[in-house]
Amino acid sequence: MRIEGGCHCGRVSYEAEADPEKAGLCHCADCQTLSGSPYVAYIPVAKDGFKLRGEPKIYVKTAASGNRRAQAFCPDCGARLWASAVSDPQVFNLRLGGVRQRAQLPPKAQVWCDSALPWSMDLTAVKKHAKQAM
């Protein structure tokens, strides 16, 4: 599936080829802290199907796994774009929030569930509002 996306302000954008069956959620502590959210929704895309416009800022973090991971974000608006290997990445784990077709990419797997916030695994009892409740 062809997807498009980018940051909030439009300085950095991309096009990519993605397999909808690989969309997922990551509950690791790094994703929680870096996103300011209980988990990150992502879609991995291969380097050969990824076209970037603009220049992201890269922050390198050593993950709990011991791997050094490049975290890409917009230098203007700060929107997170992807995580990848630091050198010669072959896969970019795009953040679904920046993908225009995100509604068509429901997660198929969850990873690092040992780090999940207990309440984040089942939100069915949480009240739902179409827009922000005042």
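For the structure itself, look to the data block above.
Residues numbered from 1 in each chain as written. Predicted model: local features only at pLDDT ≥ 70, side-chain atom pairs only at ≥ 80, totals over all residues. Heavy atoms only, no water.

Draft legend 1. A look at the pairing of strand β4 (residues 40-53). Relative to β4, strand β2 (residues 13-18) runs antiparallel, the two sharing 5 bridges. Pairing of Ala18 across the sheet is with Val45, part of β4. Relative to β4, strand β3 (residues 24-26) runs antiparallel, the two being bridged by 3 bridges. Opposite Cys26, over in β4, you have Val40 as the bridge partner. (Pairing = 2+ DSSP bridges. Helix = DSSP H or I, 4+ residues; strand = E, 2+ residues; numbered from the N terminus.)

Draft legend 2. Structural view of the environment of Asp88. Inspection of the secondary structure puts Asp88 in the loop between β7 (80-85) and β8 (91-95). In sequence terms Asp88 and Val12 are 76 residues apart; their C-alpha atoms lie 19 Å from each other. A polar side-chain atom of Asp88 sits 2.7 Å from a polar atom in the side chain of Lys47. (Polar contact = N/O pair within 3.5 Å; in protein donor to acceptor, adjacent residues only side chain to side chain.)

Draft legend 3. Here's a closer look at the environment of Tyr59. Assignment of secondary structure puts Tyr59 in strand β5 (residues 57-62). As a C-alpha pair, Tyr59 and Asp30 span 29 residues in sequence and 13 Å in three-dimensional space. If near-sequence neighbours (up to four positions away) are discounted, Tyr59 is found in contact with Leu34, Arg69, Ala70, Gln71 and Phe73. (Contact = heavy atoms within 4.5 Å.)

Draft legend 4. Looking closely at the pattern of salt bridges. Scanning the entire structure with this criterion turns up 8 salt bridges. In this structure, Arg100 engages Glu4 in a salt bridge whose closest nitrogen and oxygen atoms are separated by 3.3 Å. A residue pair is termed long-range when its members are at least 10 positions apart, and Arg100 in the loop between β8 and β9 (109-111) and Glu4 in strand β1 (residues 2-6) qualify at 96 residues. Relative accessible area serves as the criterion here: at 57%, Arg100 is assigned to the exposed category. (Salt bridge = Lys/Arg side-chain N within 4 Å of Asp/Glu carboxyl O. Buried < 20%, exposed > 50% of the residue type's maximum accessible area, 1.4 Å probe, protein only.)

Draft legend 5. Representation of the nonpolar core. Ile3, Ile43, Val45, Phe50 and Leu94 are the most contacted members of the largest nonpolar core, which has 19 residues in total. Listed by contribution, the elements that provide at least two residues to this core are β2, β4, β7 and β8. Not counting the four nearest positions on each side in its chain, Phe50 is found in contact with Tyr14, Glu15, Ala16, Val45, Trp82, Phe92 and Leu94. (Core = buried A, V, L, I, M, F, W, Y, C linked by side-chain atoms within 4.5 Å.)

Draft legend 6. The side chain of Gln71, seen in detail. Summarising the element assignment, Gln71 is placed in strand β6 (residues 68-73). At a separation of 2.6 Å, a polar atom in the side chain of Gln71 contacts the side chain of Arg80. Ignoring any residue separated from it by four or fewer positions in sequence, one finds Gln71 in contact with Leu34, Lys57, Ile58, Tyr59, Lys61, Arg80, Trp82, Ala83 and Arg95.

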